[in-house]
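Single-letter residue listing:
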2 protein chains.
Amino acid sequence: MTRIGILGYGNLGRGVEKAVNANADQELVAVFTRRDPASVKIDTPTAKVLNVSEITNMKDEIDVLILCGGSATDLPEQTPEYAKYFNVIDSFDTHARIPEHFANVDASAKAAGKTAIISAGWDPGMFSLNRLYAHSVLPNGNDYTFWGRGVSQGHSDAIRRIEGVVDARQYTVPVPAALEAVRSGSNPELTTRQKHTRECYVVAEEGADKARIEKEIKEMPNYFADYDTTVNFISLDELKKNHAGLPHGGSVIYSGSTDNGNKKHIIEYKLTLDSNPEFTGSVIAAYARAVKRLNDEGKTGCLTVMDIAPSYISPLSGEEIRAHYL
Amino acid sequence: MTRIGILGYGNLGRGVEKAVNANADQELVAVFTRRDPASVKIDTPTAKVLNVSEITNMKDEIDVLILCGGSATDLPEQTPEYAKYFNVIDSFDTHARIPEHFANVDASAKAAGKTAIISAGWDPGMFSLNRLYAHSVLPNGNDYTFWGRGVSQGHSDAIRRIEGVVDARQYTVPVPAALEAVRSGSNPELTTRQKHTRECYVVAEEGADKARIEKEIKEMPNYFADYDTTVNFISLDELKKNHAGLPHGGSVIYSGSTDNGNKKHIIEYKLTLDSNPEFTGSVIAAYARAVKRLNDEGKTGCLTVMDIAPSYISPLSGEEIRAHYL
């Protein structure tokens, strides 16, 4: 039984909790929060809710601490810090800063004799694996990643920060013609605008200037300016009724060849997820198995999904895997 | 540079040769054949063609020997035998006999201090990986494997053995309604007949009894009796013109859930391959990297794709992988 702790109880923390409870070989011991623990209700009656200030007191009762904070400010601090006391895993997803985060976590975990995995989830995570497997098997080719149709929480938050906006939901949508061109093996060069569109559902304050809000969204640099964006104003009731979930998904498509380009091969890995945080939490819980096992074997420092043999994330033995999954 | 030997120069051996030559870090040293070497023309001017009787003389000049024989009779003998002298890899694909083959190869490789990987390819191989990853991440769910549309060489051979048949090509075709049902997340129970149909293109001898041939195909146990099979008689010219390639592919679809079944998640891994042997050869060549690396690290015995971290099949460093593929 692997004893799990969760730090941070937002959407992802709740997704991890569900995943841990679905795994017969894992047990949730405690959830740590920055809030008043009395105000946090969790799903697991046997687990404690504790303030983060008590976390190091629990270091001998937890095999793997799962960090469920945000990548912008929480994880760059938390993962290296808690790797001093725990085996840790996070889903750090700022791709450009992964090398720096890796180095910080690696130094901290190695010094403490702990094991860490960073950037576990689906992108980075399962999508990354599929990019690497495909490139390794077929060196001649290109990978394409499409996201959606699904809710981007970062883009939804960006809209909410605009004056006059009560709430918002943003869907990232792959362009069907781009998907088709890639799947055909034609290896197209695609701009940002050609790959995805952005669909926004916005609840405005009564009397707000909707034309201004729409303009501010569509011209927002980085988030929307490079995309074809549609803005739909809806009521709060409609948002709650039709846009309550956090579905997501997407495809990694690899378009490769052999025989000097004469034979084409298309590899597609596609996710269609009812709940982004629950699937991400499930990936993290599976890789928490590998963290524990590698630490038991004396392997310390920081790793990523690329360094983990698939059998290490399975609760099954090598014999069972060979007999039933190979 | 990893020095590669190939034993067996049929479709798969030629596919492996193309893959090795596409990999900048691998060099084909020799092809071993049971035929007269003078009768075998290979694509690689710098490699030798030698009779298999000379194979052990080459043991110090080859880092990894790739076994390209058949699973029915060649590999059960060859892989354990040559693991006494070489690091080896094969694509043994008789699923039910994998545990036995694994044990034989493991004993032989361990005794000799060699490293072996068995059953590398796409099924077993990349499909197996996707079944295991999905089950590990989402313990509640079912996996479905569909093959095709593609040429089954085993079924084509079975037709060729019927009296009056000159040549034949058999395509395995997934049933669209079954694929749709699985992708919808409805977790259907599907019989063999509901999942795939079999399409046969047969060249008959002049004057042969076509009705008898068709009946013999459709009633052949194991191969065709459990499927809806269509038989088309065509000319040899038509066969050569329209059915010369060996395309294949298929999908592993995992239909899983979280939140006690309330949230559904579909994971699909799909291959669309112009050449089955060239893609299989490419997977084997990538895993030959891992064989060499693991042997260099002192890891001996038999392994499968399940035991190999993705980074081990890549020519890139950990830093490069984290910076560009994660």
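The structure we're discussing is the one just above.
Now for a quick tour of the structure. Keep in mind that what you see is a predicted model, and the values were worked out from it rather than measured.

## Remarks on the relation of the copies chain B and chain A
(1) Moving on: At an RMSD of 0.0 Å, chain B and chain A line up after a rotation of 180° and a shift of 0.0 Å along the axis. On this basis, the relationship between the two copies can be described by a two-fold rotation axis. Considering only C-alpha atoms, the part of chain B nearest the rotation axis is Ala309 of chain B, at 1.9 Å.
(2) Moving on: Comparing interface residues between copies, 100% of those in chain B also sit at the interface in chain A, which points to an isologous, same-surface contact.

## Let's talk about helix 10 (residues 276-296) of chain B
All names here are of chain B.
(1) Moving on: Between the first and last C-alpha of helix 10 there are 31 Å, a value that for 21 residues agrees with the 30 Å anticipated at 1.5 Å per step.
(2) Moving on: Among the 21 residues that make up helix 10, 18 are buried, leaving the element largely enclosed by the rest of the structure.
(3) Moving on: Among the residues of helix 10, the N-terminal cap falls to Ser275, whose side-chain oxygen and the backbone nitrogen of Glu278 are separated by 3.1 Å.
(4) Moving on: One or two positions beyond helix 10, positive phi appears at Gly298, with a value near 90°.

## Focus on the interface of chain B and chain A
(1) Moving on: Facing 61 residues of chain B, the contacting portion of chain A comprises 61 residues.
(2) Moving on: Here chain B meets chain A over a buried area of about 5,200 Å², counting both sides, of which 65% is carbon and sulfur.
(3) Moving on: Linking chain B to chain A there are four salt bridges.
(4) Moving on: As a salt-bridge pair, Glu278 of chain B and Lys263 of chain A come within 3.1 Å of each other at their nearest N and O atoms.
(5) Moving on: Across the contact surface, chain B and chain A share 22 residue pairs in polar contact (both at pLDDT 80 or more).
(6) Moving on: Of all the secondary-structure elements, those providing two or more residues to the side of chain B that touches chain A are helix 1 (11-22), helix 3 (98-112), helix 4 (126-137), strand 13 (263-273), helix 10 and helix 11 (318-324) of chain B.
(7) Moving on: Pairing of strand 13 (residues 263-273) of chain A with strand 13 of chain B involves nine bridges; the strand directions are antiparallel. Bridging across to strand 13 of chain B, Leu273 of chain A finds its partner in His265 of chain B.

## A look at the sheet that holds strand 14 (residues 301-303) of chain B
Residue and element names in this part refer to chain B.
(1) Moving on: Strands sit in the order 3-2-1-4-5-6-14 across an open sheet of seven strands; the sheet is parallel. Edge positions in the sheet fall to strand 3 (48-51) and strand 14, since each has one partner strand and no second. With direction set aside, neighbouring strand axes in the sheet form an average angle of 25°.
(2) Moving on: Bridge count for strand 4 (residues 64-67) against strand 5 (residues 87-89) is three bridges, and the pairing is parallel. By the bridge assignment for strand 5, Ile66 is matched with Ile89.
(3) Moving on: Across the sheet, helix 1 is in contact with strand 1 (2-7), strand 2 (26-33) and strand 4; its angle to strand 2 comes to roughly 160°.
(4) Moving on: Here helix 10 sits on the sheet in contact with strand 1, strand 2, strand 4, strand 5, strand 6 (115-117) and strand 14, set at roughly 155° to strand 5.

Cut-offs and rules
- Residues numbered from 1 in each chain as written.
- Chains lettered and ligands numbered in written order.
- Predicted model: local features only at pLDDT ≥ 70, side-chain atom pairs only at ≥ 80, totals over all residues.
- Heavy atoms only, no water.
- Least-squares fit on C-alpha atoms with pLDDT ≥ 70 in both.
- Contact = heavy atoms within 4.5 Å.
- Helix = DSSP H or I, 4+ residues; strand = E, 2+ residues; numbered from the N terminus.
- Expected span 1.5 Å × (residues − 1).
- Buried < 20%, exposed > 50% of the residue type's maximum accessible area, 1.4 Å probe, protein only.
- Polar contact = N/O pair within 3.5 Å; in protein donor to acceptor, adjacent residues only side chain to side chain.
- Buried area = accessible area lost by both parts, 1.4 Å probe.
- Salt bridge = Lys/Arg side-chain N within 4 Å of Asp/Glu carboxyl O.
- Pairing = 2+ DSSP bridges.
- Axes fitted to C-alpha atoms, helices over the stretch in contact; angles between N-to-C directions.

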